Amino acid sequence: MGAAAPEKLFKHQQPALPDYTETGMYSASDLRKGLKIQIDNEPYILTEFEFSKPGKGQALYRCKMRNMITGNQFTQTYRSNDKFEKPALEERKMQYLYNQGDEYHFMDTESYDQLFITSDHLGDNVNFMVDNMDIQVLFFDDKPIDVSLPIFVNLEVTKADPWVKGDTSGSDTKPVTVQTGYELQVPPFVEEGDKIQIDTRTGQYVTRVKE
Amino acid sequence: MLTCGELHLRAALFRAIRGHFVSQQFLEVDTPIRQSVIIPEANIVPLRAEEEFLQTSPELYMKRLLASGSPKIFQLCRCFRKEEMGRRHLQEFTMLEWYRQGGDYLDLMEDCCRLVRYCIEEICTTGSRRDGELIPLREKTGAALAIPWQKVTVADAFARWSPLELERCLAEDLFDEMLVEHVEPHLGVDVPCFLYDYPGSMASLARKKEGDDGVAERFELYWQGIELANGFSELTDTDEQRRRFEGELAVIRRQRGEEWTMPERFLQDLGQLQECAGIAFGVDRFFMLLLAKDDINDAVPFGRDDL
């Protein structure tokens, strides 16, 4: 038979809700900590989320959000019929090449496209970036907005006071400077020219690396 | 997941609840969990079970039992509400409901006070000793043993804590937001607190106050900022109840595109009811507070992440 029976067609013509998975929208019940949504053409990440529903009242979705570009935070309460756009976010693997003043140059390891990100967008990350390092770069609408470094990086110590044997000051750390200019506290046995491993999440010394 | 000791405590709580109601001459009843007709409430979304629904509350059937002549009844049962998930919400949760003929919402407040204090005394001091476990009587738990508890009308609470006047909250449909954000945190900080006399537009199945159509004889019990129970003097005017249901059915039709059935048999039985009052009490939340936990998932045998 060619066409479906007409009454059958009619039966299925109920007021269908739009399929928000197809239109790329989130509904309020999708909201949860860590979800990324778009508001006023900017990407936000939910840093806190709380569902509440006063007796006989409406479902309320209280969200604390951080703007992924500016870092600004704000709190907003939504209702169950609210819908949210998905931000056009994309993560690409890139190689860090070099910096020229405030401009940090990267190359897409697949397309070999090059671009630069200014230091104010990179924040503390610049402390741990060395030439040729592989870095994940987050793009929003094809503009780079954030980078994620490997958790551990190995950096060379470029300046350290020598370890004085018999030092009785009782201090079990000393300050050193690494090749990026970053200063941190390390155990006294670390010397100039050593390579040390640093945790990029905390910026702290992990261990001395033997080459 | 609950520990073995916590399971004993939960059982002790159920035992205390039953013991209390039996001692007060309430009859324990059970009603169908799968229902083809449920209360039309626009803000409560039911879970479906084939062509029927899982109950969102045993209210309809319990009131029908009340109408058939049982003077005081209670039930401990599971209720289901779709998409209610959070630190204070489970999709499947334990509800305690009780109904009494010849009383009003003030009697229910006294019931609440007696019940909570009895349960605390039973499982925080003596009752569960036979299980070798006691819930330590913490400062906050112990506070509920003191009487009197607090009472504040919705109007007074909003005047005191809401940045927006109650009338504007209602007119601009911001009541729920203001309640959750600005009022609830102040309720029952030490001793539990009754928030009562709700605006007439939020009467649900409650009777309006005599001589004041703008206020419904409805209350919520709060403890430590958390809502534990919702009770009211029952509306027994069939016509008025039908009008309210029609309003809810229209909202459900508009918002969800669903056609629900009017609970005709319930309305029929409602006509038999004299003055009465009924209440729903969240047992899992109460147990969460007794255990001093911050997430309801840690107060049930299997929480969200244990399933």
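Residues numbered from 1 in each chain as written. Chains lettered and ligands numbered in written order. Predicted model: local features only at pLDDT ≥ 70, side-chain atom pairs only at ≥ 80, totals over all residues.

## Topic: helix 2 (residues 59-67) of chain B
Residue and element names in this part refer to chain B.
Link 1 in the chain: Of the residues making up helix 2, those classed as buried are E59, L60, Y61, M62, K63 and L66.
Link 2 in the chain: On its buried face, helix 2 sits against strand 5 (72-80), strand 6 (92-101), helix 9 (264-270) and strand 12 (276-282).
Link 3 in the chain: Just downstream of helix 2 lies G69, where phi reads positive at about 125°. (Buried ≥ 20, exposed ≤ 12 C-beta atoms within 10 Å, placed from the backbone. Helix = DSSP H or I, 4+ residues; strand = E, 2+ residues; numbered from the N terminus. Contact = placed C-beta atoms within 7 Å.)

## A closer look at the nonpolar core
All names here are of chain B.
Link 1 in the chain: W98, F194, L195, L221, Y222 and L228 are the most contacted members of the largest nonpolar core, which totals 86 residues.
Link 2 in the chain: The element best represented in this core is helix 3 (residues 105-126), accounting for 10 residues.
Link 3 in the chain: Apart from the residues within four sequence positions on either side, Y222 is in contact with E184, L187, G188, P192, C193, L195, E227 and L228. (Core = buried A, V, L, I, M, F, W, Y, C linked by C-beta atoms within 7 Å.)

## Observations regarding the sheet that holds strand 2 (residues 34-35) of chain B
Residues and elements named next belong to chain B.
Link 1 in the chain: Across the sheet, which stays open at both edges, the three strands sit in the order 2-4-3 with antiparallel pairing between neighbours. At either end of the open sheet lies a strand with only one pairing partner, and these are strand 2 and strand 3 (48-49).
Link 2 in the chain: Where strand 2 meets strand 4 (residues 52-54), two bridges bridge the pair, whose relative direction is antiparallel. Paired with R34 across the bridge in strand 4 is L54. (Pairing = 2+ DSSP bridges.)

## Quick word on the domain arrangement of chain A
Residues and elements named next belong to chain A.
Link 1 in the chain: Once the domains are mapped, chain A shows domain 1 (18-85), domain 2 (89-148) and domain 3 (152-209).
Link 2 in the chain: With centres defined by C-alpha atoms, the gap from domain 2 to domain 3 works out at 26 Å.
Link 3 in the chain: Each side of the interface is counted separately: domain 2 has six residues, and domain 3 has eight residues.
Link 4 in the chain: Of the residues that constitute the side of domain 2 that touches domain 3, the class distribution is four nonpolar, one polar and one charged. (Domains from an automatic or database assignment. Nonpolar A, V, L, I, M, F, W, Y, C, P; charged D, E, K, R; others polar.)

## Description of the pairing of strand 5 (residues 73-79) of chain A
Within a regular beta strand, the side chains point alternately toward one face of the sheet and then the other, so they alternate between its two faces.
Residues and elements named next belong to chain A.
Link 1 in the chain: Within strand 5, only zero of the seven residues are buried, which leaves it mostly out in the open.
Link 2 in the chain: Here strand 4 (residues 60-67) pairs with strand 5 via seven bridges, running antiparallel. If you follow L60 over to strand 5, its bridge partner there is R79.

## A short note on the sheet that holds strand 15 (residues 195-199) of chain A
Residue and element names in this part refer to chain A.
Link 1 in the chain: The antiparallel open sheet is built from five strands, whose spatial order is 14-13-12-15-16. A strand with exactly one partner marks an edge of an open sheet, and here the two such strands are strand 14 (183-186) and strand 16 (204-209). For this sheet the average axis-to-axis angle between neighbouring strands, irrespective of direction, equals 50°.
Link 2 in the chain: Of the pairings in the sheet, the one linking strand 13 (residues 174-178) to strand 14 comprises four bridges and is antiparallel in character. Within strand 14, the residue paired with T177 across the bridge is E183. (Axes fitted to C-alpha atoms, helices over the stretch in contact; angles between N-to-C directions.)

## Looking at the interface of chain B and chain A
Link 1 in the chain: Between chain B and chain A, the residue contacts involve 18 residues of the former and 14 residues of the latter.
Link 2 in the chain: Listed by contribution, the elements that provide at least two residues to the side of chain B that touches chain A are helix 7 (175-183) and strand 11 (226-233) of chain B.
Link 3 in the chain: Split by residue class, the side of chain B that touches chain A holds four nonpolar, six polar and eight charged.

## A look at the environment of G86(B)
Link 1 in the chain: Positionally, G86(B) belongs in the loop between strand 5 and strand 6.
Link 2 in the chain: G86(B) gets classed as buried once you count the C-beta atoms within 10 Å, which come to 20.
Link 3 in the chain: Residues G86(B) and R304(B), spaced 218 residues apart in sequence, show a C-alpha to C-alpha distance of 9.2 Å.
Link 4 in the chain: Residues contacting G86(B), with those up to four places away along its chain left out, are E50(A), F51(A) and S52(A).

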